[in-house]
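Listed here are the chains, written in short residue letters.
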Amino acid sequence: MTLRLYDTATRSVREFVPREAGKVAVYLCGLTLQAPPHIGHLRSGVNYDILRRWLTAEGYQVTFVRNLTDIDDKILVKAQEQGRPFWSIAYANEQILADAYRQLNVLPPTYEPRATGHIPEMHELIAKLIADGHAYPALDGSGDVYFDVSSWPEYGSLSNQSPDDMQSAGDAPDRGKRDPRDFALWKGAKPDEPADAYWPSPWGRGRPGWHIECSAMCWRYLGAEFDIHGGGLDLTFPHHENELAQSRSAGLPFARYWVHHGLLSIGGAKMGKSLGNTLDLAYVRSLGVRPVELRYYYAAAHYRSRIDYSEEALREAATAYRRIEGFVQRAAERVGPGLLGELPAPFVEAMDDDLNTSAALAVLHEVVRDGNTALTGGDDVTVRTALAATRAMLDILGIDPLDPAWSAGGQADDLRDVVDSLVALALGQRAQARARKDWAAADAVRDQLKQAGVVVEDTPQGPRWTIGEQKI
């Protein structure tokens, strides 16, 4: 089986055939930086990191571009509310986002362009659209430039809707438009907005519209045509519909596949900054759930499915991951960490089937069960094979406990060294009690550790401990 992906444009699962053999170019719509990221945003980073890892495992040379929108209406509103330059807000949130991705072991993109760094490319695209009759300067002298939706007969094809059923674009007053559905490519300077949020242009001082940013950055880094355009399902319309229309109108073939991920909701509603129902990575960590366990939580659901957040489901995912982690640690202590092994055929089939990570994890858990049985039976050959296969699968998902990324600077819990020392002291007292056959005292130490969330397991190599579900 070869890789198949669900393509939003055709509304079907299609065999993936790259534009150029052996190479894949991917563009992922990144974050608009008006506020710090929440765990809904972070799902996007993890989902496409898994896609990227799988493409790489299949032998492709992957160019992965993830943009940052650092100029936008929402950012300017925040700048006015906080009395800060718009760029300082964007930069601060960019740093928080980068740290969250590091904590989640999301690989750095090949390129991470900012919108403000690509104004010339936007001007070039807009000028071509005007020259070809697909765009026009605003009728009210505002300095805005709009895309003429009626000039592109295929408008609405990506989101599978008719322009006749669409409402006003809502990104500028209708008085400057030929048609309310026309959307802004360039926004003229407004007296009530920050004075430093503008650039000179052939149409007057102003700033880019949201949609033209991504078309320009795709063109700059991936060329006229590329393989995969990704983003959240909520971006299909209007953002991606508008990207497609303006890019194709400018003569760019643009994306061959549109791959959208499902959203993360809470209480049945989309998690969003505007709704005030967001949870961030720091909150998840306050529950005693580590970033690696949050990443497992994301991977346990198919990327196109909606995740309705609950603390119970998150804790269940953390427990499931700890079972995998426990096997890897025990097996590595027994036979050494070894090298990554071959991927089991059912795992490969699941991943090739539209990145079915939930089915892939079922294969992983089956191998772990066999590995645990071998550990109990002293079958080191089987343990070694199971560990190699398990680590290979975990590496694709980015959650291998032995990956240095999970213990490198900034990834480990801040108090890990302290906890290690305290648990070692308690285990030393337990060992002394057992040596003098004071079983009641030894059991009391173990029970107190368990109450604190530390589970002690006696092994032939001595006692080992893990963080249990009760840790806070």
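Our subject is the structure that appears above.
Below you will find a few notes about this structure. (Residues numbered from 1 in each chain as written. Predicted model: local features only at pLDDT ≥ 70, side-chain atom pairs only at ≥ 80, totals over all residues. Heavy atoms only, no water.)

Structural notes on the packing of helix α8 (residues 291-299) against helix α9 (residues 311-335)
One way to put it is that α8 packs onto α9 with a least axis distance of 8 Å and a crossing angle of 105°. Looking at the two axes, α8 sits roughly perpendicular to α9. In this structure, α8 contributes Val-292, Glu-293, Leu-294, Tyr-296 and Tyr-297 to the contact, and α9 contributes Ala-313, Leu-314, Ala-317, Ala-318, Ala-320, Tyr-321, Arg-322 and Ile-324. Its residues assigned to classes, the contact of α8 with α9 shows 11 nonpolar, no polar and 2 charged. (Axes fitted to C-alpha atoms, helices over the stretch in contact; angles between N-to-C directions. Helix = DSSP H or I, 4+ residues; strand = E, 2+ residues; numbered from the N terminus. Parallel < 35°, antiparallel > 145°, perpendicular 65-115°, else oblique. Contact = heavy atoms within 4.5 Å. Nonpolar A, V, L, I, M, F, W, Y, C, P; charged D, E, K, R; others polar.)

Quick word on the sheet that holds strand β6 (residues 145-147)
Strand order in the open sheet formed by 4 strands is β5-β6-β7-β8, with antiparallel pairing between adjacent strands. The strands lining the two open edges of the sheet, one partner per strand, are β5 (135-137) and β8 (206-208). Here the average twist between neighbouring strands, direction ignored, is 20°. In the sheet, strand β7 (residues 183-188) pairs with β8 via 3 bridges, with the strands oriented antiparallel. Directly across from Trp-186, in β8, lies its bridge partner Pro-208. (Pairing = 2+ DSSP bridges.)

Observations regarding the nonpolar core
The biggest cluster of nonpolar side chains holds 125 residues, and the ones touching the most others in it are Leu-55 and Ile-228. For this core, the element with the highest residue contribution is α9, accounting for 11 residues. The contacts of Ile-228, once residues within four sequence positions are left out, are Leu-5, Phe-16, Val-24, Ala-25, Val-26, Tyr-27, Leu-51, Leu-55, Tyr-257 and Val-259. (Core = buried A, V, L, I, M, F, W, Y, C linked by side-chain atoms within 4.5 Å. Buried < 20%, exposed > 50% of the residue type's maximum accessible area, 1.4 Å probe, protein only.)

Some words on the pairing of strand β2 (residues 12-15)
As paired strands, strand β1 (residues 4-7) and β2 are joined by 4 bridges and run antiparallel to one another. Bridging from a neighbouring strand, Leu-5 pairs with Arg-14 of β2.

Focus on helix α6 (residues 236-249)
Spanning 14 residues, α6 covers 18 Å between terminal C-alpha atoms, matching the ideal 20 Å at 1.5 Å per step. Of all 14 residues in α6, 11 are buried; the element is thus mostly enclosed. For α6, the complete set of buried residues consists of Thr-236, His-239, His-240, Glu-241, Asn-242, Glu-243, Leu-244, Ala-245, Gln-246, Ser-247 and Ser-249. Against the buried residues of α6 lie α4 (119-131), β6, β7, α5 (210-222), β9 (225-232) and β10 (254-261). (Expected span 1.5 Å × (residues − 1).)

Structural notes on the side chain of Ser-88
The residue Ser-88 is located in helix α3 (residues 86-103) in this model. Among the residues examined, Ser-88 registers a relative accessible area of 18% and is labelled buried. Within the structure, the side chain of Ser-88 is placed 2.8 Å from the backbone oxygen of Pro-85, a separation counted as a polar contact. (Polar contact = N/O pair within 3.5 Å; in protein donor to acceptor, adjacent residues only side chain to side chain.)

Topic: the pattern of salt bridges
This structure, assessed with the given rule, holds 32 salt bridges. Members of the salt-bridge network, linked through shared partners, are Asp-73, Lys-187, Glu-193 and Arg-207. (Salt bridge = Lys/Arg side-chain N within 4 Å of Asp/Glu carboxyl O.)

What about the sheet that holds strand β4 (residues 61-66)?
A sheet is described by the order of its strands in space; here 4 strands give the open sequence β4-β3-β9-β10, paired in parallel fashion. The sheet is open, and its two borders are formed by β4 and β10, each paired with just one other strand. Along the sheet, successive strands turn relative to each other by an average axial angle of 25°, direction set aside. Bridge count for strand β3 (residues 23-28) against β4 is 6 bridges, and the pairing is parallel. Within the sheet, the bridge partner assigned to Val-24 lies in β4 and is Val-62.

Observations regarding the environment of Val-456
Mapped onto the elements of the fold, Val-456 is located in strand β14 (residues 454-459). We classify Val-456 as buried; its relative accessible area is 14%. As for Val-456 and Arg-334, which are separated by 122 residues in sequence, their C-alpha atoms are 17 Å apart.

What about empty space enclosed by the protein?
Scanning the entire structure with this criterion turns up 1 cavity of 30 Å³ or more. Estimates place the volume of the largest cavity at around 50 Å³. Classifying every residue of the lining of the largest cavity by side-chain character gives 6 nonpolar, 2 polar and no charged. (1 Å grid on protein atoms, 1.4 Å probe; cavity = no way out; pocket = protein on both sides within 12 Å on 5 of 7 lines; lining within 4 Å. Points joined across faces, edges and corners; volume = space filled by probe spheres on them.)

Side note on the packing of helix α1 (residues 39-57) against helix α12 (residues 380-397)
Where α1 contacts α12, the two axes come as close as 7 Å, and the packing angle between them is 125°. Comparing their axes, α12 and α1 come out oblique. Contacts from Ile-50, Arg-53, Trp-54 and Ala-57 of α1 reach α12 at Asp-395, Ile-396 and Leu-397. Of the residues belonging to the contact of α1 with α12, the class tally is 5 nonpolar, no polar and 2 charged.

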